[in-house]
Amino acid sequence: MKIWVDGGLRDTADATVSVFDHGLTVGDGVFETLKAVEGRPFAVTRHLERLARSARGLGLPEPDRDEVRRACDAVLAANPMPLGRLRITYTGGPSPLGSDRGDAGTTLVVALGEASVRPDTTAVVTVPWARNEKGALSGLKTTSYGENVVALARAHEHGASEALFANTRGRLCEGTGSNVFVVLDGRLLTPPLASGCLAGITRELVIDWTGAQETDLPLDVLDRAEEIFLTSSLRDVQGVHRTDDRRLSAAPGPVTAKAMRIFAERAAADPNP
């Protein structure tokens, strides 16, 4: 396996960063995860735009997008596989042991791992912790992921693949690494960005391609929704057959199935929409 670290490809054993890297010591970094099919990254332009947006929001210098593209191309060429998870990580670089950033420059890492096709449906659970829609990191895709690690572990303990958060106002927000859509009275709805959710790339495309509406939703909509599905770069569109103890026996329902079909067709027609 070849991994890009700060300017070039390295073997796995040599792909190292400093133990003083701010991304490690205090989570001062941003990242993107892309689906790669037969060596072609999906929606790369949108992902790089969001990487730059997250970096600006965290106060990091904007990454050199041309360099990031070169790194992605090099890693994909060096590690051929049918379906991959391409991870771009960009951090504050070597810094003092504390919250202050150093002046050694940023760190860029691009790595690739094998991925598998997800099943059409999955189970989710809700968790008692809230997303802070007013926090400094709200809406940014940062490496400060400890909250998600804890919530996802809770999901796995309950036989689910994802955990869903409400925000501090008790409104439906997002999953640990996904956005959520519901069908209510035949309408396809998803929480707005003001809820504190990440502006997911797949979420954005599903809204554009299906006409889904952004709507402020209470968490208990999960108890009433006719259909529920998740979106993310590796899930694409994935139906939900169970939320906590509620089973949706007909999943994926007709609206979900249509969204799955539209997304698959449009994504296949244009790998960089």
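Whatever comes next refers back to the structure up there.
Everything quoted here is computed from the prediction, not taken from an experiment.

Caption draft 1: Region of the structure containing the state of the cysteines. Going through the model one piece at a time under the given rule, you end up with zero disulfides. Looking at Cys-173, it has no disulfide partner, and the nearest cysteine sulfur is the one in Cys-197, 5.5 Å off. Overall, the relative accessible area of 1% leaves Cys-173 in the buried class.

Caption draft 2: Up close: unusual backbone geometry. Look at the link from Ala-251 to Pro-252: it is a cis peptide, with omega at -5 degrees. Turning to its location among the elements, Pro-252 is positioned in the loop between strand 15 (246-247) and helix 6 (254-269). Here Asp-6, not a glycine, exhibits a phi torsion of approximately 45 degrees, which is positive. Here Asp-6 falls in the partly exposed class, since its relative accessible area comes to 41%. One non-glycine residue with positive phi stands out, namely Asp-236, at about 55 degrees. Relative to the elements of secondary structure, Asp-236 occurs in strand 14 (residues 236-243). Assessed through its relative accessible area of 22%, Asp-236 is described here as partly exposed.

Caption draft 3: The arrangement of the side chain of Glu-162 in detail. Its location among the elements puts Glu-162 in strand 8 (residues 162-167). Buried Glu-162, no salt bridge; nearest opposite-charge side chain is Arg-235, N-O distance 4.2 Å. A polar atom in the side chain of Glu-162 sits 2.8 Å from the side chain of Ser-178.

Caption draft 4: The arrangement of the packing of aromatic side chains in detail. Under the counting rule described, the total for this entry stands at four aromatic pairs. Seen from their ring centres, Phe-31 and Tyr-145 are 5.2 Å apart, and the 80 degrees between their planes marks the pair as edge-to-face. Here Phe-31, found in strand 3 (residues 29-37), pairs with Tyr-145, found in the loop between strand 7 (121-131) and helix 4 (146-157); they are 114 residues apart in sequence, far enough to count as distant. You can call Phe-31 buried: its relative accessible area is 4%. Summarising the aromatic geometry, the rings of Phe-181 and Phe-229 are spaced 4.9 Å apart at their centres and angled 15 degrees between planes, so their arrangement reads as stacked. Of this pair, Phe-181 sits in strand 10 (residues 179-184) while Phe-229 sits in strand 13 (residues 227-232), and the two are 48 residues apart along the sequence. Comparing Phe-181 with Phe-229 shows no difference in burial state: the two are buried. What links up through ring pairs into an aromatic cluster is the set Phe-42, Trp-209 and Phe-263. For the cation-ring pair, Arg-87 lies above Phe-31, with the distance from its terminal atom to the ring centre recorded as 3.8 Å.

Caption draft 5: Representation of the layout of surface pockets within the structure. Space inside the largest pocket adds up to approximately 1,000 Å³. Lining the largest pocket are 44 residues, and of these Lys-141, Tyr-145, Asn-148, Thr-176 and Gly-177 sit closest to its centre. Examining the composition of the lining of the largest pocket, we find that five residues originate from one element, helix 4, more than from any other. Tallied by class, residues from the lining of the largest pocket come to eleven nonpolar, 22 polar and eleven charged. For the second largest pocket, the calculated volume is near 430 Å³. In terms of lining residues, the second largest pocket is bounded by 22 residues, among which Lys-35, Val-37, Leu-83, Asp-236 and Phe-263 are the most central. Counting only elements with at least two residues in the lining of the second largest pocket, the list comes to strand 3, strand 4 (40-41), strand 14 and helix 6. By residue number, the principal contributor to the lining of the second largest pocket is helix 6, which donates five residues. Looking at the lining of the second largest pocket, its residues break down into 14 nonpolar, two polar and six charged.

Caption draft 6: Local environment of helix 4. Look at helix 4: 17 Å from first C-alpha to last across twelve residues, which is about the 16 Å you get at 1.5 Å a residue. Regarding helix 4, the residues found buried are Asn-148, Ala-151 and Ala-155. For helix 4, the arc enclosing every buried residue in end-on projection is 70 degrees, short of the 170-degree limit, so these residues lie on one face. Looking at helix 4, the residues exposed on the side facing more than 90 degrees away from the buried face are Val-149, His-156 and Glu-157. Along its buried surface, helix 4 packs onto strand 7 and strand 8. Remark: Gly-159 follows helix 4 within two positions and exhibits a positive phi of approximately 70 degrees.

Caption draft 7: Just the environment of Arg-247, in detail. Its place among the elements puts Arg-247 in strand 15. Overall, the relative accessible area of 62% leaves Arg-247 in the exposed class. Considering only alpha carbons, one finds Arg-247 and Gly-29, 218 residues apart in sequence, at a separation of 38 Å. Those residues within four positions of Arg-247 in sequence are excluded, and the remaining contacts are His-241 and Arg-242.

Calculation criteria
- Residues numbered from 1 in each chain as written.
- Predicted model: local features only at pLDDT ≥ 70, side-chain atom pairs only at ≥ 80, totals over all residues.
- Heavy atoms only, no water.
- Disulfide = S-S within 2.5 Å.
- Buried < 20%, exposed > 50% of the residue type's maximum accessible area, 1.4 Å probe, protein only.
- Helix = DSSP H or I, 4+ residues; strand = E, 2+ residues; numbered from the N terminus.
- Lys, Arg positive; Asp, Glu negative; His and termini not counted.
- Salt bridge = Lys/Arg side-chain N within 4 Å of Asp/Glu carboxyl O.
- Polar contact = N/O pair within 3.5 Å; in protein donor to acceptor, adjacent residues only side chain to side chain.
- Phe/Tyr/Trp six-rings, centres within 6.5 Å; stacked < 30°, edge-to-face > 60°.
- Lys NZ or Arg CZ within 6 Å of the ring centre and 35° of its normal.
- 1 Å grid on protein atoms, 1.4 Å probe; cavity = no way out; pocket = protein on both sides within 12 Å on 5 of 7 lines; lining within 4 Å.
- Points joined across faces, edges and corners; volume = space filled by probe spheres on them.
- Nonpolar A, V, L, I, M, F, W, Y, C, P; charged D, E, K, R; others polar.
- Expected span 1.5 Å × (residues − 1).
- Arc of directions from axis to C-beta.
- Contact = heavy atoms within 4.5 Å.

What is shown is where atoms sit, not what they do.
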